[in-house]
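Residues per chain, in single letters:
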Amino acid sequence: MRESAEKVLAFFVNSSIHVALAVTSLSLITLIEFQISWDRDLMFFIFFGAIAGYNFIKFGGFGRSYHRRLAKNIRIILIFSVVSIGALAYFALQLNFWVLLWSMLLGFLTLLYALPVFGRQRNLRMVGGVKVYIIAGIWSGVSVLLPVIHASLPITSQVGLELFQRFLFVLVLLLPFEIRDLKYDDVALKTIPQQIGIMKTKALGFLLLLLFVLVEMLQHREQGYLATVILVALVTAGMLAEAGKDQSRYYSSFWVEGIPLLWLVALILFRYLFYCFPPFVS
């Protein structure tokens, strides 16, 4: 039973289902925050797009290490990826031109990140010091801009603040991964921990989380939103504080990457409390 559970968990993480749920959760948070109606086609487009994009990077770009580690399961994951691409194409046909245009721009950035378009097997990932900023930018664009554009909302200063706040959050979320990969990353990547060390990386993350909370205060939303952001910031800070080079197998790839799901659930619960029981929470 335990072995079966471990195989299911391994497939859940390695096939990028977990990271796709994280990206989709952030997109659903945007729907709630901007009071945008639920749209099945957009959410499934984002979900399957994340699976297709991440698996392309893993297995089609620079993922030779994944090939070695996942030799037994790679065929199943590749078949699953092909099915996901088919689903992505179906839901893409249901979306409007502007969503598809922005999706293509973000997808093109993903291609530049994965493929050796700069010669000598170099891609954007191999350009020193930019890896985490590209990933944070793509996540932010997908989870904030696509829902806003799909709803035909204007790109206001509030959208800009939301985009900046989401960028900060994803950037901090990536730091435990950067710390974990210190043993494997080429020094030419110039990751944040490589440049300033683990302790200063954590200190930087704490400062960015403080800014993450301050941006929420600037938006003057209901108390339920601020309470949720503070909770998420505290949980993320705790996970970052415990991150190390020798962390457990799923510390970052499951627990840290699961924080967006926690944010979504907490936002729904806090909003329920503040709307249904105002005397209790005031």
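Residues numbered from 1 in each chain as written. Predicted model: local features only at pLDDT ≥ 70, side-chain atom pairs only at ≥ 80, totals over all residues. Heavy atoms only, no water.

J.: So what's going on with helix H1 (residues 2-14)? Which residues, and what values?
T.: Under the 1.5 Å per step criterion, the end-to-end length of H1 is 18 Å for 13 residues, consistent within 8% with the ideal 18 Å. All buried positions along H1 are accounted for by Ala10, Val13 and Asn14. Taken down its axis, H1 places every buried residue within 85 degrees of arc, on the same side. Downstream of H1 by one or two residues, Ser16 has phi in the positive range, about 75 degrees. (Helix = DSSP H or I, 4+ residues; strand = E, 2+ residues; numbered from the N terminus. Expected span 1.5 Å × (residues − 1). Buried < 20%, exposed > 50% of the residue type's maximum accessible area, 1.4 Å probe, protein only. Arc of directions from axis to C-beta.)

J.: Describe the packing of helix H2 (residues 17-33) against helix H8 (residues 157-180), listing the residues and the values that go with them.
T.: One can describe the packing of H2 onto H8 by two numbers: an axis separation of 12 Å at closest approach and a directional angle of 150 degrees. Looking at the two axes, H2 sits roughly antiparallel to H8. Crossing of H2 against H8: the hand is right-handed. Contact residues: H2 offers Leu26, Ile29, Thr30 and Glu33, while H8 offers Glu162, Arg166, Phe169 and Val170. (Axes fitted to C-alpha atoms, helices over the stretch in contact; angles between N-to-C directions. Parallel < 35°, antiparallel > 145°, perpendicular 65-115°, else oblique. Left-handed = near helix turned anticlockwise from the far one by under 90°. Contact = heavy atoms within 4.5 Å.)

J.: Got a sec to walk through empty space enclosed by the protein? Specific residues and values, please.
T.: Here the structure, examined in full by the defined rule, presents 2 cavities of 30 Å³ or more. Of the voids in this model, the largest cavity is the one considered here, and its volume is about 40 Å³. Around the largest cavity, the lining residues are Trp139, Val170, Leu173, Leu174, Phe177 and Glu257. The element best represented in the lining of the largest cavity is H8, accounting for 4 residues. Looking at the second largest cavity, its volume works out to about 40 Å³. Contributing to the lining of the second largest cavity are Gly129, Val130, Lys131, Val132, Tyr133, Glu178, Lys190, Thr191 and Ile192. The element best represented in the lining of the second largest cavity is helix H7 (residues 131-150), accounting for 3 residues. Among the residues making up the lining of the second largest cavity, the classes are represented as 4 nonpolar, 2 polar and 3 charged. (1 Å grid on protein atoms, 1.4 Å probe; cavity = no way out; pocket = protein on both sides within 12 Å on 5 of 7 lines; lining within 4 Å. Points joined across faces, edges and corners; volume = space filled by probe spheres on them. Nonpolar A, V, L, I, M, F, W, Y, C, P; charged D, E, K, R; others polar.)

J.: Account for the nonpolar core, naming residues and giving values.
T.: Ranked by size, the top nonpolar core spans 71 residues in total, and within it Phe45, Ile46, Trp139, Phe169, Phe212 and Trp263 carry the most contacts. Phe212 has contacts with Gln165, Leu168, Phe169, Val229, Ala233 and Trp263, leaving out every residue within four places of it along the chain. (Core = buried A, V, L, I, M, F, W, Y, C linked by side-chain atoms within 4.5 Å.)

J.: So, the packing of aromatic side chains: which residues are in play, and what are the values?
T.: Overall, the coordinates contain 11 aromatic pairs when judged by the stated rule. Consider the rings of Phe44 and Phe91, whose centres lie 5.2 Å apart with planes at 15 degrees: the pair is stacked. Of this pair, Phe44 sits in helix H3 (residues 40-61) while Phe91 sits in helix H5 (residues 74-92), and the two are 47 residues apart along the sequence. The class for Phe44 is partly exposed, based on a relative accessible area of 33%. With a centroid separation of 6.2 Å and 10 degrees between ring planes, the pair formed by Phe48 and Phe91 is classed as stacked. Placement of Phe48 in helix H3 and of Phe91 in helix H5 is noted, with a sequence separation of 43 residues between them. Across the pair, Phe91 and Phe48 agree in class, each one buried. Members of the aromatic cluster, connected to one another through ring pairs, are Phe44, Phe47, Phe48, Tyr90 and Phe91. (Phe/Tyr/Trp six-rings, centres within 6.5 Å; stacked < 30°, edge-to-face > 60°.)

J.: Mind laying out the pattern of salt bridges, listing which residues take part and the relevant values?
T.: Going through the model one piece at a time under the given rule, you end up with 6 salt bridges. Where Arg166 meets Glu33, a salt bridge forms, and the shortest distance between an N and an O atom there is 3.6 Å. Taken together, the residues Arg166 in helix H8 and Glu33 in helix H2 connect sequence positions 133 residues apart. Arg166 sits in the buried class, given a relative accessible area of 0%. A salt bridge links Glu178 to Lys131; its shortest N-O distance comes to 3.1 Å. In this pair, Glu178 sits in helix H8 while Lys131 sits in helix H7, placing the two residues 47 residues apart along the sequence. The class for Lys131 is buried, based on a relative accessible area of 9%. (Salt bridge = Lys/Arg side-chain N within 4 Å of Asp/Glu carboxyl O.)

Note that all results are geometric; they support no functional claim without further evidence.
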